[in-house]
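Examination of the molecular architecture
In case you want the letters, here they are:
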Amino acid sequence: MKKILSILLASSLAFGLCACGASGEEGEKNAQSSVNGKTYDHATLRLSYATGDTGMDGLTAIEFERLVEEKSGGVVQIERYPNCQLSSGDMVRHMEMLITGGAFEMAIISETSFADVDTTFQVTSIPFAFKDYDTAWEFADTTGGEFSKELFKKYGVIYLSTFPNGIMQFANNKREIRTPGDMENLKMRTYGDLQMSLMRSLGADPTQLSFSELYSALQTGAVDGNMNGYQTLWSGSLHEVQPYITELNATLALYDFLVNEAEWNKLGPDTQELLQECADEAAAWGRNYMSSEEAKIKQDMIDYGVQVYVPTEEELQAFKDAASSTIEEYKALVGEEACAAWGIQ
């Protein structure tokens, strides 16, 4: 992690210096047009994201594209690149490429992807930190969001807004999970150290794997299951290869609208304001969509044949108790300031 951090810090500083040097040079400015009293840069911004166009990042990217092009009269264009195409499906490389710049200007990335840069980004993923979406948005739109904005800026990234990838459920193709004991030796796909720690605390065997490899790994038995939100499980067709889901609401997964800071600084103030406004509106759309769709998707999975188990309060508490070592470890790791900003006690 230290190696990645030093490389990315150096790259972000270099790009920041280049951006500052270029801003005052003649001939560097974008062509501009006036639309409804606003002056927008003629710009085509590449937006990269991890899943396909039916995932939450893809659906919200499509809404963002629509808003930007509609409000700017087509002066500002968004080019979408799903499935981490520009990083060959590698989500870690995807994050690195946003920070270093050049391959694309914007991205929608899960905050947990930045854990290799700074473990503080894992604060919103601490197990059982948020009882529901509304509690999370209360902090995301106030102190939590401000904290994230400052944290991203340290690494040359502009944070615009956030929306859900979902509240994580446990899915697998071996057996119904009712207690932590049922997790014993299950090969569970994870992404990041926090998920690995959580799975180990519950007795499972965690395996790091990119999302693009997950479906085939479930087919072949390389892994037995994974933790994801209903929308991601559905959009990835993972219900086809995992007939068991336990509804634990284990962790909250957030997607963020992000921009490379050097590229952001090349844009005029009206274009920056446009992108911020559209990111806020697209994120609000994504939040509403998730809230309305999850119940429908859950029923669609049941109709398909997936067995969804909802633990009792006592059973849920048993999972929380089993996960306590991970919860306390990561509260200490991210620090009191981060926990306070996000209302985690």
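Residues numbered from 1 in each chain as written. Predicted model: local features only at pLDDT ≥ 70, side-chain atom pairs only at ≥ 80, totals over all residues. Heavy atoms only, no water.

With that settled, the discussion passes to the nonpolar core. Phe-64, Phe-114, Phe-170, Met-183 and Trp-342 are the most contacted members of the largest nonpolar core, which totals 86 residues. Once you skip the residues sitting within four places of it in the chain, Phe-170 turns out to touch Met-183, Leu-198, Met-199, Leu-202, Asn-226, Met-227, Tyr-244, Ile-245, Thr-246, Leu-248 and Ala-250. Leu-214, Leu-218, Leu-238 and Ile-297 belong to the second largest nonpolar core, which has 19 residues in total. (Core = buried A, V, L, I, M, F, W, Y, C linked by side-chain atoms within 4.5 Å. Buried < 20%, exposed > 50% of the residue type's maximum accessible area, 1.4 Å probe, protein only. Contact = heavy atoms within 4.5 Å.)

Here the focus is helix α3 (residues 91-100). Most of α3 sits out of view: eight of its 10 residues are buried. Turning to α3, its buried residues number three or more, namely Met-91, His-94, Met-95, Glu-96, Met-97, Leu-98, Ile-99 and Thr-100. Its side-chain oxygen 3.0 Å from the backbone nitrogen of Val-92, Asp-90 forms the N-cap of α3. Positive backbone phi, at 80°, marks Gly-101, one or two positions downstream of α3. (Helix = DSSP H or I, 4+ residues; strand = E, 2+ residues; numbered from the N terminus. Polar contact = N/O pair within 3.5 Å; in protein donor to acceptor, adjacent residues only side chain to side chain.)

Attention now goes to the packing of aromatic side chains. Evaluation of the coordinates by the stated rule reveals 11 aromatic pairs. Measuring from centroid to centroid gives 5.0 Å for Phe-114 and Phe-152, while their planes differ by 85°, and the two rings are edge-to-face. A residue pair is termed long-range when its members are at least 10 positions apart, and Phe-114 in the loop between β5 (106-110) and α4 (133-140) and Phe-152 in helix α5 (residues 143-153) qualify at 38 residues. For Phe-152, a relative accessible area of 1% corresponds to the buried category. Between Phe-121 and Phe-152, the aromatic rings sit 4.6 Å apart at their centres with planes inclined by 50°, giving tilted as the arrangement. One end of the pair, Phe-121, is in the loop between β5 and α4; the other, Phe-152, is in helix α5, and 31 residues separate them in sequence. Here Phe-121 matches Phe-152 in class, with each residue buried. Ring pairing ties together the aromatic residues Phe-114, Phe-121, Phe-152, Tyr-155 and Tyr-159, which thus form one cluster. Over the aromatic face of Trp-137 sits the side chain of Arg-287, whose NZ or CZ is 4.2 Å from the ring centroid. (Phe/Tyr/Trp six-rings, centres within 6.5 Å; stacked < 30°, edge-to-face > 60°. Lys NZ or Arg CZ within 6 Å of the ring centre and 35° of its normal.)

What follows deals with the packing of helix α2 (residues 56-71) against helix α10 (residues 269-304). At their nearest, the axes of α2 and α10 sit 9 Å apart, and the two run at 140° to each other. With respect to α10, the axis of α2 lies oblique. The hand of the α2/α10 crossing is right-handed. Every residue of α10 that contacts α2 at Met-56, Leu-59, Thr-60, Glu-63, Phe-64, Leu-67, Val-68 and Lys-71 is listed here: Leu-274, Leu-275, Glu-277, Cys-278, Ala-279, Glu-281, Ala-282, Ala-283, Trp-285, Gly-286, Tyr-289 and Met-290. Looking at the contact of α2 with α10 residue by residue, the classes come out as 14 nonpolar, two polar and four charged. (Axes fitted to C-alpha atoms, helices over the stretch in contact; angles between N-to-C directions. Parallel < 35°, antiparallel > 145°, perpendicular 65-115°, else oblique. Left-handed = near helix turned anticlockwise from the far one by under 90°. Nonpolar A, V, L, I, M, F, W, Y, C, P; charged D, E, K, R; others polar.)

Keep in mind these values describe shape, not function.
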